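Observations on the model geometry
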Amino acid sequence: MNEPTDPSVADDLEVAEWFAALPDPAARERLVHRFLPLAEHLASRFAGRGESRDDLGQVASLGLVHAIDRFDTERGVQFATFATVTIIGELKRHFRDRGWSIRVPRNLQEATLLVNRATATLWQELGHSPTVAEVSARTELSPETVLEAMEAVQAYSTSSLETPIGEDGTTAGELMGDVDPRMAVSEDWMAMAPQLRELPERERRILYLRFFKDMTQTEIAEAIGISQMHVSRLLTRSLAKLRDAGTDEDAT
Amino acid sequence: MTHVPASLVVSGPAEPETLCVFRAVASSVASRADMTLESIDELKIVVDEAATMLLRAGAPQRLDLILEPNGGTIRTTLTSDGAVRDWPGDRTTGWSWRVIRQLAREAACRAGERGPEVTFVMSTDAR
């Protein structure tokens, strides 16, 4: 029966101990770490609906953190059950509330999804970024449509890695694994563009790695644990913000 | 995807909206030159940064984009008809120039025949 040596029981006891230790940040982090695979699994069930896996993973992580914060150990419900309901709720809310930041025709949304998938697959197969011709051949979309889809990706509202997702201000980015030592950022480089200080920390870090540490988008993606396409989106968005801020300054 | 033009010139009003056209043309030429998706993304970034530098210099009315694919590279020149008296000045120590220098294989910023000019060469491979 329920012997103390039963691994599942040992797991349950450990989880109960971590909940008892809340709001200790270390206990919270252990809970997140333990149940992150569940969040990722649930996120994968929502794949293929026009959202990138990265974005879905972030939303599911947010749901997991909410579940940890709201879980009542006295109610006799298994945390995994409660977390599943909460995470799915978060994913459904995401699809209801978010998506494309500007109106993008449905067929272009679908093309973008196809291009994203094919790019990720080809990247793995080829070991480098594919060309438009290769993506076109794989997706059976015209090269022009592939280019259009690449541009449309920028209109997609990316849930920021810096969005606080816990009461203690924990961000999705912080839940994505330990920071690679190569990613340590010095402060003095920001003197070059004061507007850099206005960007979220993770976006600043990506800019720093690309423009001061000479890391490629792919290397940054690997170090941070997100896709190259997501890095590209964040880079483009951050640079556009900096340009806009510069324009505002010029105008004043 | 087979025909790669020897060179292509696009001209437009010196307005931020022109950048969308420049980006689209640049990415189309780059795809015909078999540039990777990552490189195309970065070419568009450099076009944006260079055009922004020119839009802010010498009150230009027109912007020109010249693309010259050649083997494994694309030479791109952006010019404006703005005043050149303080060009490039301290712009080559600014953020936009840093981005251009980092992403392009070669980059130059000078006073051309018509006005301020930014030229850069990007390879078809990432980095």
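Rules behind the numbers
- Residues numbered from 1 in each chain as written.
- Chains lettered and ligands numbered in written order.
- Predicted model: local features only at pLDDT ≥ 70, side-chain atom pairs only at ≥ 80, totals over all residues.
- Helix = DSSP H or I, 4+ residues; strand = E, 2+ residues; numbered from the N terminus.
- Buried ≥ 20, exposed ≤ 12 C-beta atoms within 10 Å, placed from the backbone.
- Pairing = 2+ DSSP bridges.
- Axes fitted to C-alpha atoms, helices over the stretch in contact; angles between N-to-C directions.
- Contact = placed C-beta atoms within 7 Å.
- Nonpolar A, V, L, I, M, F, W, Y, C, P; charged D, E, K, R; others polar.
- Left-handed = near helix turned anticlockwise from the far one by under 90°.
- pLDDT = per-residue confidence, 0-100.
- Core = buried A, V, L, I, M, F, W, Y, C linked by C-beta atoms within 7 Å.

Secondary structure assignment for chain A yields 10 helices and 0 strands. Its helices and strands in sequence order give chain A the pattern α-α-α-α-α-α-α-α-α-α, from N to C terminus. A burial count over chain A gives 36% of its 252 residues as buried.

Our focus in this paragraph is the sheet that holds strand β2 (residues 62-70) of chain B. Strand pairing in a sheet takes place through backbone hydrogen bonds and is either antiparallel or parallel in direction. Residues and elements named next belong to chain B. With respect to topology, 5 strands assemble into an open sheet ordered β1-β2-β3-β5-β4, the strand pairing being antiparallel. A strand with exactly one partner marks an edge of an open sheet, and here the two such strands are β1 (8-13) and β4 (106-111). Here the strands of the sheet are splayed against their neighbours by 15° on average, with no regard to which way each runs. Relative to β2, β1 is paired through 6 bridges, and the arrangement is antiparallel. In the strand pairing of β2, G12 is matched with L63. Packed on one face of the sheet, helix α1 (residues 18-32) meets β1, β2 and β3 (73-80) and runs near 170° to β1. Where helix α2 (residues 37-55) meets the sheet, its contacts fall on β2, β3 and β5 (116-123), and the angle it forms with β5 comes to roughly 170°.

Positionally, T236 of chain A belongs in helix α10 (residues 228-251). Since 17 C-beta atoms lie within 10 Å of it, T236 of chain A is described here as partly exposed. Put simply, T236 of chain A and L207 of chain A are 29 residues apart on the chain and 9.8 Å apart in space, counted from C-alpha to C-alpha. Among residues more than four places away in sequence, those in contact with T236 of chain A are Q154 of chain A together with I45 of chain B.

Before going further, it helps to examine the environment of I66 of chain B. All names here are of chain B. Counting through the fold element by element, I66 comes out in strand β2. Overall, the presence of 16 C-beta atoms within 10 Å leaves I66 in the partly exposed class. The sequence separation of I66 and T119 amounts to 53 residues, and the corresponding C-alpha distance is 9.2 Å. For I66, the residues in contact, after removing those within four places along its chain, are S7, V9, T76 and T77.

Now for unusual backbone geometry. Cis rather than trans, the peptide bond between L22 of chain A and P23 of chain A has omega equal to 15°. You can see P23 of chain A is positioned in the loop between α1 (7-21) and α2 (25-44). The omega torsion of the bond from W87 of chain B to P88 of chain B falls at -5°, within 30 degrees of zero and hence cis. Tracing the sequence through the fold places P88 of chain B in the loop between β3 and α3 (95-103).

A few words on the interface of chain B and chain A. It is common to give the size of an interface as the accessible area that goes away when the parts come together. With 19 residues of chain B in contact, the opposing surface of chain A contributes 24 residues. Only α1, α2 and α3 of chain B provide two or more residues apiece to the side of chain B that touches chain A. Taken together, the residues that form the side of chain B that touches chain A break down as 7 nonpolar, 6 polar and 6 charged.

Moving on: the pairing of β3 of chain B. All names here are of chain B. Relative to β3, β2 is paired through 8 bridges, and the arrangement is antiparallel. Opposite D64, over in β3, you have T79 as the bridge partner. The hairpin formed by β2 and β3 contains 2 residues between the paired strands, and G71 there has a positive phi angle of roughly 60°.

Time to look at the packing of α1 of chain B against α2 of chain B. All names here are of chain B. At a minimum axis distance of 9 Å, the contact between α1 and α2 shows a crossing angle of 145°. Relative to α2, the crossing made by α1 is right-handed. Each of L19, F22, R23, A26, S27, A30 and S31 in α1 lies in contact with α2, whose residues at this interface are S39, I40, L43, K44, V47, D48 and A51. Looking at the contact of α1 with α2 residue by residue, the class counts come to 8 nonpolar, 3 polar and 3 charged.

All names here are of chain B. For chain B, per-residue confidence averages 89 on the pLDDT scale, and 94% of positions sit at 70 or higher. When mean pLDDT is compared element by element in chain B, β3 scores highest at 95, while α3 scores lowest at 91. In the predicted complex, the global pTM is 0.65; the interface-specific ipTM is 0.84.

Turning our attention to the packing of α2 of chain B against α3 of chain B. Residue and element names in this part refer to chain B. Interhelical geometry of α2 versus α3 gives an angle of 145° and a closest axis separation of 9 Å. Between α2 and α3 lies a crossing of left-handed hand. Across the interface between the two elements, E42, I45, V46, E49, A50, T52 and M53 from α2 touch S96, V99, I100 and L103 from α3. A per-class count over the contact of α2 with α3 returns 7 nonpolar, 2 polar and 2 charged.

Membership of the largest hydrophobic core comes to 64 residues, with the highest contact counts inside it found for L43, V46, A50, A51, L54 and I100 of chain B. Of all the elements, α2 of chain B adds the most residues to this core, at 11 residues. The contact partners of A51 of chain B, leaving out residues within four places of it in the chain, are L19, F22, L63 and L78 of chain B. Counting 20 residues, the second-largest nonpolar core is a separate cluster that includes L42, L56, I68 and L91 of chain A.

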